[in-house]
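Tertiary structure, described
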Protein chains: 2
Amino acid sequence: MLKQPPSNEEYLPHLAFDSVIFGFNGTQLKILVLEYHNTGLFALPGGFVRRYEDVDAAAKRGLWERTGLDNIYLEQFYTFGNFSRSRPDIMRTILEANGFEIPEDYWILDRFISIAYYALINYDEVVPKPDELSDNINWYPIDNLPKLMMDHQLIVEKALLILRENLDKKLVGMNLLPPKFTMQVLQKVYEAILGEKLRRTTFQRKMLTLDLLVRHEKLFSGGAHKAPYLYSFKHELTEQLSQEAVLSN
Amino acid sequence: MLKQPPSNEEYLPHLAFDSVIFGFNGTQLKILVLEYHNTGLFALPGGFVRRYEDVDAAAKRGLWERTGLDNIYLEQFYTFGNFSRSRPDIMRTILEANGFEIPEDYWILDRFISIAYYALINYDEVVPKPDELSDNINWYPIDNLPKLMMDHQLIVEKALLILRENLDKKLVGMNLLPPKFTMQVLQKVYEAILGEKLRRTTFQRKMLTLDLLVRHEKLFSGGAHKAPYLYSFKHELTEQLSQEAVLSN
DNA sequence: AAACTATTGTCTCACTTTGTTACATTAATA
DNA sequence: TATTAATGTAACAAAGTGAGACAATAGTTT
């Protein structure tokens, strides 16, 4: 028996959101990618906007549904609105592979404009959950993604560009790292995002003179070498930014 | 007899665009603002997206309709999607003041998400034209705008923030100035955008070492002082950017 | 226990960029 | 011809960045 797909009573037609969810595993910058049932199709996590729901709230809800996390750094970065980006043929494949009965003129097969967000999360805190249409959701390093459907590759590339631009302005590191971290790990985040090596001494000097960090006790990691200090971002900053993050506008 | 308003056959529901159109008159940074007939309401120029039209193309078309200009620097900068931003009461006032017969459940009174663009144009080249709903369209200096309806003030503020961020990256000056200009005028554009005075010698040195400008003949303005050189942006740059501008994605 | 290794924190020096002031140049005017 | 006001450029100080050196040190090896 065929299942009933979502009705368009609940959602705004023609409007979707997609999220590029970044995480950092200590070495690589990764994003979450869904794989749809029985199709070999890979996609960004996304969803639709409810009729009475703020678009930001929809994106936040989508993030919560995939990660269980609330209060995440989330930023809208672009809206993809080309006519040709919509692919009813692909959407039909996905729905059919999931055993849905597809009504005549079904709304999900229409043209969609997608509002894209990127999120920064602490990799270790999350056990991602697939959505109803997907087999699984997994972390993929940004330089080794599967082939993504539709224009999702483009969305990721744009997200990465914007993330790089915001790297200094927005204290990106704060959201990708645990509360305490070594200078080396912080540097690795920067390197992973920028895709280039940085000079250790210059980086350290820069970070310290910016006066954003608090130094804590040393971390005795067990390595045969001098133990590094742990740092955290100053408390005022974490307050300020987590506000700005999800609420703005 | 009441006029027929636009039907939603032609346009995507719930979706609009608004444009912050910047111009520079030699002293002040200004934007174009519409005033609706018989309402005292001021708004940004905007419009709807046709069912088979790229969103960027819609914004470009809207700009052409208001300015007669094609090939303008136009950049999408944010999408405003809060539920509370839509104001059917205000839309009804505007339509009624224009003598439209408003159908039951009329689509324009629904919720709208607006994709916002900013444009940079050469002030001198333009004679703006009001739309069907408006008495007039005028330039207003950004620090002395009329009270704008709905969230349009917020849209302008965000546009200005983004414009400031892009000031160095995107060669903004090129699009606001005539092909040849003096260093003083270029500096005034920067000052108008940033809202602060800059140091003449530092600015001049910076601009010259960036190696973006070509120096031309002197401009004998009639002032009782040394005549300044005229400059233009290097040809390669103007090519490159005007492409990037309207097409990207 | 001493030597060794790898990483860390800091310093130095050269070089670049920016802030600030100074000054000679020059087109129009008195 | 002297005066005026903006312009182009140089000079020097202050701040920031790139590159390398080096001592300190936690664990490992001998």
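Below you will find a few notes about this structure.

What counts, and where the lines are drawn
Residues numbered from 1 in each chain as written. Chains lettered and ligands numbered in written order. Predicted model: local features only at pLDDT ≥ 70, side-chain atom pairs only at ≥ 80, totals over all residues. Heavy atoms only, no water. Salt bridge = Lys/Arg side-chain N within 4 Å of Asp/Glu carboxyl O. Buried < 20%, exposed > 50% of the residue type's maximum accessible area, 1.4 Å probe, protein only. Helix = DSSP H or I, 4+ residues; strand = E, 2+ residues; numbered from the N terminus. Contact = heavy atoms within 4.5 Å. Buried area = accessible area lost by both parts, 1.4 Å probe. Polar contact = N/O pair within 3.5 Å; in protein donor to acceptor, adjacent residues only side chain to side chain. Nonpolar A, V, L, I, M, F, W, Y, C, P; charged D, E, K, R; others polar. Pairing = 2+ DSSP bridges. Phe/Tyr/Trp six-rings, centres within 6.5 Å; stacked < 30°, edge-to-face > 60°. Lys NZ or Arg CZ within 6 Å of the ring centre and 35° of its normal.

Here we take up the pattern of salt bridges. Here the structure, examined in full by the defined rule, presents 22 salt bridges over all chains. Between R87 of chain A and D89 of chain A there is a salt bridge, with the nearest N and O atoms lying 2.8 Å from each other. On the accessibility criterion, R87 of chain A (34% relative accessible area) is partly exposed. Judged by its relative accessible area of 41%, D89 of chain A falls in the partly exposed class. With a closest N to O distance of 3.5 Å, K180 of chain B and E217 of chain B form a salt bridge. Of this pair, K180 of chain B sits in the loop between α4 (172-176) and β8 (181-182) while E217 of chain B is found in strand β9 (residues 213-218), placing the two residues 37 residues apart along the sequence. Residue class for K180 of chain B comes out partly exposed when judged on its relative accessible area of 39%. Taking the relative accessible area as the measure of exposure, E217 of chain B reaches 43% and is therefore partly exposed. Several salt bridges share partner residues, and in doing so they unite E53, R61 and E65 of chain A into one network.

Moving on to the interface of chain A and chain B. With 29 residues of chain A at the contact, the number on the chain B side is 29 residues. Of the roughly 2,300 Å² buried between chain A and chain B on both sides combined, carbon and sulfur atoms contribute 48%. At the boundary of chain A and chain B, one finds two salt bridges. Across the pair E165 of chain A and K169 of chain B runs a salt bridge whose closest N-O atoms are separated by 3.7 Å. Viewed at the interface, chain B and chain A are joined by 11 residue pairs in polar contact (both at pLDDT 80 or more). Broken down by secondary-structure element, the contributors of at least two residues to the side of chain A that touches chain B are β1 (11-24), β4 (46-50), α1 (55-67), β5 (73-80), β6 (113-120) and α3 (152-166) of chain A. Taken together, the residues of the side of chain A that touches chain B sort by class into 12 nonpolar, eight polar and nine charged.

Let's shift gears to the sheet that holds strand β10 (residues 229-233) of chain B. All names here are of chain B. Strand order in the open sheet formed by three strands is β8-β10-β9, with antiparallel pairing between adjacent strands. Each having just a single partner strand, β8 and β9 make up the two edges of the open sheet. As defined by bridge partners, β9 adjoins β10 across four bridges and the pair is classed as antiparallel. When the bridges of β10 are listed, R215 appears paired with Y231.

A full pass over the atoms with the stated rule returns 30 aromatic pairs over all chains. Relative to W139 of chain A, the ring of Y123 of chain A lies with its centre 5.0 Å away and its plane at 45°, an arrangement referred to as tilted. Here Y123 of chain A is found in the loop between β6 and β7 (134-141), whereas its partner W139 of chain A is found in strand β7, with 16 residues between them in sequence. When the centroid spacing of 6.2 Å and the interplanar angle of 70° are considered together, the rings of F22 of chain B and Y118 of chain B count as edge-to-face. Taken together, the positions of F22 of chain B in strand β1 (residues 11-24) and Y118 of chain B in strand β6 (residues 113-120) put the pair 96 residues apart, joining distant regions of the chain. Here the two residues F22 of chain B and Y118 of chain B agree in accessibility, since each one is buried. By way of ring pairs, the aromatic residues Y11, F48, Y106, W107 and F112 of chain A are connected into one cluster. In this structure, K218 of chain A packs its charged tip against the face of Y229 of chain A, placed 5.2 Å from the ring centre. Just above the ring of Y229 of chain B sits the side chain of R215 of chain B; from NZ or CZ to the centre is 3.9 Å.

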